[in-house]
Amino acid sequence: MPKFNTAAELEQYCAHLLAARDPARPCIAVCAGAACDGLDSAAVAQAFTDEIARQNLAGRLDLRVTGCHGFCEKGPNVIAGPQDICYFEVTPGDVPEIIRATLAGEVYEAKIYRDPETREKIAPMSEIPYYKHQVRLLIGDNPRLDPLKIDDYLAVGGYAALVKALTTMTPDDVLAEVKRADLRGRGGGGFPAGAKWETTKNAPEKTKYVIANGHEGESAAFMDRAMLTGNPHKVIEGLIIGAYAIGAHQGFIYTRHDAPRLVEHVKAALAQAEAYGFLGENILGSGFDFKVELHFDVGIFVSGESSALMRSIEGNAPEPRPKYIRTSVSGIWDKPSNLNNVETWANVPQIIARGAEWFAGIGSEKSKGTKLVSLSGHIVNSGIVEVPMGTTLRTLIFAIGGGVRDGKALKAVHFGGAMGGSLPVEYIDARLDFDEMSALGAPIGAGGLLVMNEDTDMVDIARYLMDFLVRESCGKCVPCREGMFQMLKILTGIAEGRGRKFDLERLAELAEVTSLGSLCALGKTSAAPVKSMLQYFRDEYTARIDAGSQTP
Amino acid sequence: MCEQAVAAIIENHRGQPEALIHVLTAIQHELRWLPREVLARVAEALGVPLSQALQIASFYKVFSLTPKGRHEVHVCTGMTCHLCGGDRLLAKVEEATGLKPGETDAAGRFTLERGSCLGSCSIGPELIVDGRHHGRMTPEQVEVVLAQYP
Ligand SMILES: Cc1cc2nc3c(=O)[nH]c(=O)nc-3n(C[C@H](O)[C@H](O)[C@H](O)COP(=O)(O)O)c2cc1C
């Protein structure tokens, strides 16, 4: 493996790399994302390998096993280049035909998209409704690269932003660019990334850390995993650029232990980045040193919270600390530590490469750029979607998601998992925007969007979410531990037909106290689903109590 | 073989208290549980009090202080799976194995766990056995899937 001592060496290498690749050569990309993997895409990939060997096609047809393409509902997904023909629900038996068609510049019609209404057949990715309405700046490279090959990332322009930052910008320039881009954190809070970076940068303590939060504990959220598994170098590149701006020489990636492919890809990417000289000492001759360590969550939701996560990296139990100590000033081993979500970091390279103005030109007034959303529940097309901020729920659910499955009507959408909220169908024209969704009581959280049909029992949803949180509370502070437990008792009572007259008032009070009194955001926002229920679905709750209650 | 692997994990981190979680995770992967005697050796080698090792081992859900069955059966109880019938699936698996979540059968064949969201929501409800995903599960398919794991 080459080790680059200067940017010029790297640029020369990339030029050779591109010259050696023929963009017109047919290439098959087999998705190995979480859903496709569960649908045995490995057997499809193996069938391609075997068939290519059998027909002796090496050199005429490339094969790539990639991260998530996005249209999880219809997996296993295969995309045939150079025309980007999408094949869905592919089985090993389809492989010879797909190869034949691809080499002949034709389309194998049996497995392409078919519009459920018009019955029209659509082959190219750019015309399929699911993809057509998306702007895939972050996830779009997934089908174009093998996550285990750093050269594939270089071939799509990877690490060019790092070169630009290290050779033409000072750390202050980089920070200023990110601030002007108005990049906001994708992990749930929507906090301005530039402002957070600046706090850590300006903290008096010399040793500083940067961390990528890839814990993704939010239920029904699966886009961070898809990003980090499918294109780990994009996140790593963002992290290095951030470390340069902030003045950190040590970084951490904190992610799930229970996704073997994710672990394998991140480990390989870190090793390759180090071998190429993008990590380590004197990166590309700039004099900047930076290393990254990989850490695993060990199966508890609260370890995604900033202070708990940092305790976990130190090797301790993940107990959150009160918020008046800010982790950006005093985090891991009490050093200033800047934590951002995986998707936040993934946005950094393009901001540096294409500039803050370009980035700020995408999205809504106060929420810039695109957002990855995982669509699931009672929806026709479940999967990972990337749209500009400001896109309406209607576009997400109907134009892209294909509406509600089984011909049912839409009742509600839920954003943000256990700390989010549910919105009734009347808000279908609300926009995907940090502030607008928060104001409605359904903060977008990390971006898990759950679609619920007309048969959904909203009492059960709140009970389910509270049950989840009660199990996940670390138990350190009383309001969270006891408050949630009491709310769960009331919700269970209502769900089981033992609701009482004053239950809703009591729920509202408990929600208030738990929000005010808890130490960390887990307890503070635990009542968010309940609040949204009381705001939008109160009638359903009252009816349930009236119907079921014998005792006053 | 296991014993050697465990000894190697411990030796590689001798004197590194901050590696506690790493070490326990690695041993959990190797033995699939954390015997008390091993915890004592870890604590001694890394230089942390046994109480801290026990705190970590009992706090995080990944660690088990009792032996597990040959096959780990997870029923996803994430939000999407719940919405799409995860409860009925779990009930069926409980019936088929005779286990409640967290339990292991006397023959040591299965350990049943309810797993929070594992991120394959598009193919929920899900049954995951030894890390292998069985998506779009119905209660009727449970027996057939479990029979694949003797
Ligand atoms: C209980 C709890 C769980 C959280 N889990 C995650 C998570 O899995 N991933 C994540 O990025 N942020 C999570 N957060 C938010 C983090 O505390 C933190 O705000 C975020 O990682 C900062 O990154 P950002 O500014 O880029 O959004 C969680 C917060 C709480 C209270």
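Conventions and cut-offs
The numbering scheme is per chain: residues are counted from 1 as the chain's sequence reads. As they are written, the chains are lettered A onward and the ligands numbered 1 onward, keeping that order. For a predicted model such as this one, the threshold for reporting local features is a pLDDT of at least 70, and the threshold for listing and counting side-chain atom pairs is 80 or more; totals across whole chains, interfaces and linings nevertheless cover every residue. Processing note: side-chain calculations cover all non-hydrogen atoms of the structure and skip hydrogens and water entirely. Site definitions follow a grid-based scheme: protein atoms alone, a 1 Å grid, a 1.4 Å probe that fits but cannot get out for cavities, and for pockets an open set with protein on both sides within 12 Å along at least five of seven lines, plus lining residues having an atom within 4 Å of a point. Grid points are joined across faces, edges and corners, and a volume is the space filled by probe spheres set on the points. Numbering goes from the N terminus for both helices and strands, where a helix is a DSSP run of H or I of at least four residues and a strand is a run of E of at least two. Residue classes follow a fixed rule: Ala, Val, Leu, Ile, Met, Phe, Trp, Tyr, Cys and Pro count as nonpolar, while Asp, Glu, Lys and Arg count as charged, and any other residue, Gly among them, counts as polar. Here, residues are in contact when the closest pair of their heavy atoms is within 4.5 Å. Two parts placed together each lose some accessible area; with a 1.4 Å probe, that loss summed over both constitutes the buried area. Each reported salt bridge corresponds to a side-chain nitrogen of Lys or Arg within 4 Å of a carboxyl oxygen of Asp or Glu. Partly exposed residues are those whose accessible area sits between 20% and 50% of the maximum for their type, while under 20% is buried and over 50% is exposed, using a 1.4 Å probe and protein chains only. Between any two strands, at least two bridges found by DSSP are needed for them to pair. Classification of ring pairs uses Phe, Tyr and Trp, with its six-membered ring standing for Trp, and accepts pairs whose centres are within 6.5 Å; under 30 degrees between planes counts as stacked, over 60 as edge-to-face, and the remaining range as tilted. For the domains described, the bounds stem from an automatic or database domain assignment. Polar contacts, as counted here, are pairs of nitrogen or oxygen atoms within 3.5 Å of one another; within protein the pair requires one atom able to donate a hydrogen and one able to accept it, and residues that are adjacent in sequence qualify only if both atoms are side-chain atoms. Every angle, taken between N-to-C directions, lies between 0 and 180 degrees, and every axis is a line fitted to C-alpha atoms, over only the stretch in contact when it is a helix. Note on definitions. A residue lies near a molecule or strand when any single heavy atom of the residue is within 4 Å of it. Here the Shrake-Rupley method, with its probe set to 1.4 Å, supplies the accessible areas, and only the displayed protein chains count as covering residues. Think of it this way: a molecule belongs to a cavity or pocket when more than half its atoms come within 2 Å of the grid points there.

Asks: I would appreciate a short explanation of the layout of surface pockets in the present structure.
Replies: The rolling of a water-molecule-sized probe over the atoms marks out the regions of remaining empty space. Residues and elements named next belong to chain A. Of the voids in this model, the second largest pocket is the one considered here, and its volume is about 1,200 Å³. Lining of the second largest pocket is provided by 44 residues; of these, Gly187, Gly188, Gly189, Gly304 and Ser306 occupy positions nearest its centre. Within the residue set of the lining of the second largest pocket, elements represented by two or more residues are helix H9 (193-202), helix H13 (306-313), strand S10 (337-341) and helix H21 (521-524). Counting residues per element, the lining of the second largest pocket draws most heavily on S10, at four residues. The residue inventory of the lining of the second largest pocket, partitioned by class, reads 13 nonpolar, 21 polar and ten charged.

Asks: Is there a simple way to explain the interface of chain A and chain B in this structure?
Replies: Often the size quoted for an interface is simply the accessible area lost on bringing the parts together. Listed as interface residues are 47 residues of chain A and, on the opposing side, 32 residues of chain B. On the chain A side of the interface with chain B, the three residues burying the most area are A:Val298, A:Gly315 and A:Tyr464, jointly 17% of the side's total. Taken together, the links from chain A to chain B amount to three salt bridges. Among the ionic pairs, B:Lys61 bridges to A:Glu472, the shortest N-O distance being 3.0 Å.

Asks: Before we go on, may I ask you to explain the pattern of salt bridges in this structure?
Replies: Where charged atoms from two side chains of opposite charge come close, those side chains can pair. All names here are of chain A. As enumerated under the stated definition, the model contains 48 salt bridges over all chains in all. A salt bridge links Glu97 to Arg100; the shortest N-O distance between them is 3.3 Å. In this pair, Glu97 and Arg100 both sit in helix H4 (residues 95-104), three residues apart, roughly one turn of the helix. Assessed through its relative accessible area of 32%, Glu97 is described here as partly exposed. For Lys335, the salt bridge identified is with Glu205, shortest N-O distance 3.5 Å.

Asks: Teacher, can you tell me more about the pairing of strand S7 (residues 209-214) of chain A here?
Replies: Every other side chain in a regular strand lies on the same face of the sheet, so the side chains alternate between the two faces. Residue and element names in this part refer to chain A. Of all the six residues making up S7, six are buried; the element is thus mostly covered by neighbouring parts of the structure. The side-chain alternation of S7 yields two buried faces, one formed by Tyr209, Ile211 and Asn213 and the other by Val210, Ala212 and Gly214. Bridge analysis of S7 against strand S8 (residues 250-256) gives six bridges, and the strand direction is parallel. The partner of Ile211 across the bridge, within S8, is Phe252. The pairing of S7 with S10 spans five bridges and is classified as parallel. Among the inter-strand pairings, Ala212 is bridged to a residue of S10, identified as Asn340.

Asks: Can you help me understand the packing of aromatic side chains in this one?
Replies: Given two aromatic rings, their pairing is described by the distance between the two centres and the angle made by the two planes. In this structure the tally under the stated criterion is 24 aromatic pairs over all chains. Ring centres of A:Tyr209 and A:Trp333 lie 6.3 Å apart, and the angle between their planes is 65°; on these two criteria the pair is classed as edge-to-face. Of the two residues, A:Tyr209 sits in strand S7 while A:Trp333 sits in the loop between H13 and S10, which places them 124 residues apart along the sequence. Ring geometry for B:Phe59 versus B:Tyr60: centroids 5.9 Å apart, planes at 70°, classification edge-to-face. Judged on exposure class, the residue B:Phe59 and its partner B:Tyr60 are both buried.

Asks: Honestly, helix H3 (residues 36-46) of chain B in this entry has me stumped. Any pointers?
Replies: Spacing of three or four residues puts side chains on the same side of an α-helix, whose turn is 3.6 residues. Considered for burial, the residues of H3(B) that qualify are B:Val38, B:Leu39, B:Val42, B:Ala43, B:Ala45 and B:Leu46. Summarising the contacts, the buried residues of H3(B) are in contact with helix H1 (2-12), helix H2 (20-31) and helix H4 (50-59) of chain B.

Asks: Teacher, can you tell me more about the domain arrangement of chain A here?
Replies: Residue and element names in this part refer to chain A. With domains assigned, chain A is organised as domain 1 (22-132), domain 2 (150-360), domain 3 (370-453) and domain 4 (465-549). When each unit is reduced to the centre of its C-alpha atoms, the spacing between domain 2 and domain 4 is 35 Å. With ten residues of domain 2 in contact, the opposing surface of domain 4 contributes eight residues. A combined buried area of about 870 Å² lies between domain 2 and domain 4, and 75% of that area is made up of carbon and sulfur atoms. Its largest share of buried area at the contact with domain 4, domain 2 owes to Phe301, Glu319 and Pro320, together 49% of the area lost on that side. Between domain 2 and domain 4 we count two residue pairs in polar contact (both at pLDDT 80 or more) in total. Looking at the side of domain 2 that touches domain 4 residue by residue, the class counts come to five nonpolar, one polar and four charged.

Asks: Before we go on, may I ask you to explain the sheet that holds strand S14 (residues 421-424) of chain A in this structure?
Replies: For sheets, the rule is that strands pair by backbone hydrogen bonds, running either parallel or antiparallel. All names here are of chain A. A sheet is described by the order of its strands in space; here five strands give the open sequence S12-S11-S15-S13-S14, paired in mixed fashion. On the outer flanks of this sheet lie strand S12 (383-388) and S14, each paired with one strand and no other. Strand-to-strand twist of the sheet, defined as the mean angle between neighbouring strand axes without regard to direction, takes the value 30°. Sheet strands touched by helix H10 (residues 223-230): strand S11 (370-377) and S12. Its angle to S11, the strand with the most contacts, is close to 120°.

Asks: Is there a simple way to explain the sheet that holds strand S2 (residues 110-115) of chain B in this structure?
Replies: Residue and element names in this part refer to chain B. Pairing is mixed in the open sheet, where four strands are placed in the order S2-S1-S3-S4. The sheet is open, and its two edges are formed by S2 and strand S4 (132-134), each paired on a single side. Across the sheet, the mean angle separating the axes of adjacent strands is 25° when strand polarity is ignored. Note that strand S1 (residues 71-76) and strand S3 (residues 127-129) share three bridges and pair antiparallel. Looking across to S3, one finds that Val75 is bridged to Leu127.

Asks: What exactly am I supposed to notice about empty space enclosed by the protein here?
Replies: Residues and elements named next belong to chain A. For the structure on display, the rule yields two cavities of 30 Å³ or more. Space inside the largest cavity adds up to approximately 60 Å³. Reported here for the second largest cavity is a volume of approximately 40 Å³. Lining the second largest cavity are Leu393, Leu410, Ala412, Val413, Leu423, Pro424, Val425, Tyr427 and Ile428. At the level of secondary structure, the elements contributing two or more residues to the lining of the second largest cavity comprise strand S13 (410-415) and S14.

Asks: What should I look at first to understand the pairing of S10(A) in this one?
Replies: Most of S10(A) is tucked away: five of the five residues are buried. On S10(A), burial covers both faces: A:Ser337, A:Leu339 and A:Asn341 on one face and A:Asn338 and A:Asn340 on the other are all buried.

Asks: How should the domain arrangement of chain B be read in this particular structure?
Replies: Split into domains, chain B comes out as domain 1 (2-59) and domain 2 (71-146). One C-alpha centre belongs to domain 1 of chain B, the other to domain 2 of chain B; they are set 29 Å apart.

Asks: In this structure, what is going on with the site of the ligand? I would like to understand it.
Replies: All names here are of chain A. Around the ligand sit 20 residues, and of these Gly187, Glu216, Asn340, Asn341 and Thr344 come closest. Within the side chain of Lys196, a nitrogen or oxygen atom sits 3.0 Å from an oxygen atom of the ligand. A distance of 3.0 Å is found between an oxygen atom of the ligand and a side-chain nitrogen or oxygen belonging to Asn213. Summarising the interface, the protein chains cover 90% of the accessible area of the ligand, which totals 610 Å² for the free molecule. A molecule is said to occupy a pocket when more than half its atoms come within 2 Å of that pocket's grid points, and by this definition the ligand occupies the second largest pocket. Broken down by secondary-structure element, the contributors of at least two residues to the shell around the ligand are S10 and H21. The element contributing the most residues to the shell around the ligand is S10, with three residues. Split into classes, the residues belonging to the shell around the ligand amount to five nonpolar, eleven polar and four charged.

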